[in-house]
Amino acid sequence: MSSLDTTPPAGETAAGAVTTFDAFARFATTAPPMPPQPGQAPRSPEERLAYHSQFVTVRTPAIETLSRSVRTLMILGRHQNVTARPSLIVTGPATTGKTTALLEVGRTCHLAHTRRAAPGDDSVPVAYVLVPPGATAKTLAGEFARYLGIPVTTRMTTTQITTAVCHTYTAAGVKLVLIDEIHRLNPRTSTGAEAADWLKDLTERVAATFVYAGIDVTDSTVFTGVRGAQLAGRACLIDCGALPARAGEREPFRELIAALEQALNLHAHRAGSLPKLAPYLHERTAGRIGSLSRLIRQAAIEAILDGSERITKTLLDGIALDHLAEEHYRPRNLARRHTRTSSR
């Protein structure tokens, strides 16, 4: 099995790969991976490896909340012309599904526009921009320009780029602007303050709903000082935190595990075995969606490569996860073993 091609397919999309309109449109209109369907011809090992590399996107509570909120705010701001429209901020720790939620909402908006658009309509419904590290007003403006292919030269001033961006975004009919990695913005520095002011100016000049996403935004400098207060005063907050093991009568983390297990394409996996491991998986991943998805996908790939075709706790425990998840789980696991040894 070692000779199989495990290279992700060309269609696989990462956040950094959709920061131009053409790339985002391809992402939005490309059918997402689908679980095996009844009556479908068996997939080859290569196809199943590629499938688990991409895998499905499960509709998490954060995606549902963000979708509803974006739809409402876009209607709310549709005829608001005097002040900036209300916005949204998606916050939470790393690997909790913020970017996935942002991209899924963008995909939904793009497809809804495409279905309604008349023949020849070349308007742009969604813009997706990553805040560059150490963002300045000029580099941030350059990212907005790059998304729509607006020509920018090194001799152009920030004002010139801004004028081109505002004109083009308005002419293109952009209605939803998604800004990821907002925690990279630091209004406490002079350049960061200029970038924050530039972004505020853009929200007042472009008739769109703005949605920001970043790591623990409420604890970052983005919400501090006068500039942070202006942003916080206009934005509703959606917490994309770790999923709890239990919420009232529901068990959202177990439900997520069951949905991911249903999507597996393994020949010998026993249905229901992963939800039974919910306490272990919650502790192993700290309830983070990204860590859970990676763990199950990686285990599925291992199961195909070693021929076992099923995911077991032994297989899961042998997989090294991201550092955040490992830092959470390994010390607890060692402490538990130490307690058992001491009690003997």
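The structure presented is a predicted model; accordingly, all values stated were derived computationally and were not measured. (Residues numbered from 1 in each chain as written. Predicted model: local features only at pLDDT ≥ 70, side-chain atom pairs only at ≥ 80, totals over all residues. Heavy atoms only, no water.)

This part covers the overall build of the protein. Of regular secondary structure, the protein possesses 13 helices and five strands. Split into buried and exposed, the 344 residues of the protein put 44% on the buried side. Within the protein, counting contacts between residues at least 6 apart in sequence, those at least 24 apart form 73% of the total. (Helix = DSSP H or I, 4+ residues; strand = E, 2+ residues; numbered from the N terminus. Buried < 20%, exposed > 50% of the residue type's maximum accessible area, 1.4 Å probe, protein only. Contact = heavy atoms within 4.5 Å.)

Next up on the list: helix α4 (residues 98-116). Between its first and last C-alpha, α4 extends 28 Å over 19 residues, near the 27 Å set by a 1.5 Å rise per residue. Among the residues of α4, Lys 98, Ala 101, Leu 102, Leu 103, Glu 104, Val 105, Gly 106, Arg 107, Cys 109, His 110, Ala 112 and His 113 are the ones counted as buried. Those residues of α4 that are buried are in contact with α1 (21-29), α3 (61-76), β1 (87-92), β2 (126-130), β3 (176-180) and β4 (209-215). (Expected span 1.5 Å × (residues − 1).)

Ranked by size, the top nonpolar core spans 62 residues in total, and within it Leu 66, Phe 144, Tyr 169 and Leu 199 carry the most contacts. Looking at which element gives the most residues to this core, the answer is helix α5 (residues 137-147), with six residues. Non-local contacts of Leu 66, meaning those with residues more than four positions away in its chain, are made with Leu 88, Val 90, Ala 101, Leu 102, Val 105, Val 211 and Ile 238. Counting 30 residues, the second largest nonpolar core, distinct from the first, contains Leu 266, Leu 274, Tyr 280 and Leu 295. (Core = buried A, V, L, I, M, F, W, Y, C linked by side-chain atoms within 4.5 Å.)

This part covers the packing of helix α10 (residues 278-285) against helix α11 (residues 289-305). Here α10 crosses α11 at 115°, and the two axes come no closer than 9 Å. Along this stretch, α10 crosses α11, giving a crossing that reads as right-handed. Along its contact with α10, which presents Leu 281, Arg 284 and Thr 285, the element α11 presents Ser 291, Leu 292 and Leu 295. Looking at the contact of α10 with α11, its residues break down into three nonpolar, two polar and one charged. (Axes fitted to C-alpha atoms, helices over the stretch in contact; angles between N-to-C directions. Left-handed = near helix turned anticlockwise from the far one by under 90°. Nonpolar A, V, L, I, M, F, W, Y, C, P; charged D, E, K, R; others polar.)

Here the focus is unusual backbone geometry. A positive phi angle, close to 65°, is found at Phe 55, a residue other than glycine. Structurally, Phe 55 is set in the loop between α2 (45-54) and α3.

This brings us to the environment of Ser 190. With respect to the secondary-structure elements, Ser 190 resides in helix α7 (residues 190-205). Taking relative accessible area as the criterion, Ser 190 reaches 57% and is therefore assigned exposed. In this structure, the C-alpha to C-alpha distance between Ser 190 and Thr 136, residues 54 residues apart in sequence, is 8.9 Å.

Note: α-helices contain 3.6 residues per turn, so residues at a spacing of three or four share the same orientation. With 17 residues, α11 extends 24 Å from end C-alpha to end C-alpha; this agrees with the ideal 24 Å at 1.5 Å per step. Along α11, the residues classified as buried are Ile 289, Ser 291, Leu 292, Ser 293, Leu 295, Ile 296, Ala 299, Ala 300, Ala 303 and Ile 304. Positive phi shows up at Gly 307, right after α11, with a value of about 85°.

Turning to the packing of aromatic side chains, a few remarks are in order. Per the counting criterion, the structure on display carries seven aromatic pairs. Summarising the aromatic geometry, the rings of Phe 24 and Phe 27 are spaced 5.6 Å apart at their centres and angled 65° between planes, so their arrangement reads as edge-to-face. Here the residue Phe 24 and the residue Phe 27 both occupy positions in helix α1, the gap between them amounting to three residues, near one helical turn. Aromatic side chains Phe 210 and Tyr 212 sit 6.5 Å apart centroid to centroid with 25° between the ring planes, which places their arrangement in the stacked category. The structure contains a cluster of three or more aromatic residues connected by ring pairs, namely Phe 24, Phe 27 and Tyr 128. Note that Arg 43 overlies the ring of Tyr 51, its terminal NZ or CZ placed 4.8 Å from the centroid. The ring of Tyr 280 carries Lys 313 above its face, with NZ or CZ at 4.5 Å from the centroid. (Phe/Tyr/Trp six-rings, centres within 6.5 Å; stacked < 30°, edge-to-face > 60°. Lys NZ or Arg CZ within 6 Å of the ring centre and 35° of its normal.)

Looking now at the confidence of the model for the protein. For residues with low pLDDT, the predicted coordinates do not support detailed interpretation. Confidence in the prediction of the protein, expressed as mean pLDDT, is 87, and 88% of residues score 70 or more. Confidence scores differ between elements of the protein, with helix α13 (residues 323-342) showing the lowest mean pLDDT of 57 and helix α6 (residues 158-172) the highest of 98. Across residues 337-343, where pLDDT falls below 50, the model places zero contacts with residues more than four positions away in sequence or in other chains. (pLDDT = per-residue confidence, 0-100.)

In this section: the sheet that holds β1. Spatially, five strands are ordered β2-β3-β4-β1-β5 in an open sheet, and the strand pairing comes out parallel. Across the chains shown, the open sheet's two edge strands, defined by having one partner strand only, are β2 and β5 (235-239). This sheet shows a mean twist of 20° between the axes of neighbouring strands, independent of strand direction. In the sheet, β1 pairs with β5 via five bridges, with the strands oriented parallel. (Pairing = 2+ DSSP bridges.)

Another aspect to go through is the pattern of salt bridges. What the rule picks out here adds up to nine salt bridges. As a salt-bridge pair, Glu 251 and Arg 254 come within 3.0 Å of each other at their nearest N and O atoms. A single salt-bridge network, built from bridges that share partners, covers Arg 246, Glu 251 and Arg 254. (Salt bridge = Lys/Arg side-chain N within 4 Å of Asp/Glu carboxyl O.)

Mapped onto the elements of the fold, Ala 17 is located in the segment before α1. We classify Ala 17 as partly exposed; its relative accessible area is 46%. Taking the C-alpha atoms as reference points, Ala 17 and Phe 27, separated by 10 residues in sequence, lie 9.1 Å from one another.

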